[in-house]
Amino acid sequence: MPMWVLMYVFSYSFSPAATNERAEWRLQPNVVFQEFSNEERCKAAKATLEGSLKDAGAKLRSGLEDLKALGKADPAQVIIAYNVECLPK
């Protein structure tokens, strides 16, 4: 039986202007794999995960905008990237 794999990669980094801690400038990406017995289940999980990541990003951006209004942060200083793929195994 063919299997499908959901691959999820997430990473983020800070602009050097945002912190003096060099170790925090670029964090290593996290990679997660999940196996599924068919393509439809994989695609359903992919859609759910992408929606969740989009919502989380919107909440983070909103919080950073609030901090920016107080002069404490700038959303442009944080880069968040993710990729979600369903691949045949």
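Scroll up for the structure.
Throughout this description, residue numbers start from 1 for each chain and increase along the sequence as written. Predicted model: local features are reported for residues with pLDDT of at least 70 only, side-chain atom pairs are reported and counted for 80 or more only, and whole-chain, interface and lining totals are derived from all residues. As a rule here, side-chain values come from all non-hydrogen atoms in the structure, and water together with hydrogens is ignored.

Draft legend 1. Here's a closer look at the state of the cysteines. Throughout, a disulfide means two cysteine sulfur atoms within 2.5 Å of one another. Summed over the entire model, instances satisfying the criterion amount to 1 disulfide. The disulfide partner of Cys42 is Cys86, and the gap between their sulfur atoms is 2.2 Å. The sign of the -110° torsion about the S-S bond sets the Cys42-Cys86 disulfide as left-handed. Residue Cys42 is found in helix H1 (residues 39–69), and its partner Cys86 is found in strand S3 (residues 78–88); the two are separated by 44 residues along the sequence. Segments assigned H or I by DSSP are reported as helices when at least four residues long, segments assigned E as strands when at least two residues long, and all are numbered from the N terminus.

Draft legend 2. Inspection of the nonpolar core at higher detail. Side-chain atoms within 4.5 Å are what join buried Ala, Val, Leu, Ile, Met, Phe, Trp, Tyr and Cys residues into a set we call a nonpolar core. Whether a residue is buried, partly exposed or exposed follows from its accessible area with a 1.4 Å probe, protein chains only, as a fraction of its type maximum: under 20%, in between, or over 50%, in that order. Counting residues in hydrophobic clusters, the biggest one holds 7 residues: Trp4, Leu6, Phe36, Cys42, Leu53, Val84 and Cys86. Those residues in contact with Phe36 that lie beyond four places of it in its chain are Met3, Trp4, Leu6, Arg41, Cys42 and Ala45. Note on contacts: a residue pair qualifies if any of its non-hydrogen atoms lie within 4.5 Å across the two residues.

Draft legend 3. Expanded view of the environment of Lys43. When you line up the elements, Lys43 lands in helix H1. Through-space distance from the C-alpha of Lys43 to that of Trp4 is 9.4 Å; in sequence the pair is 39 residues apart.

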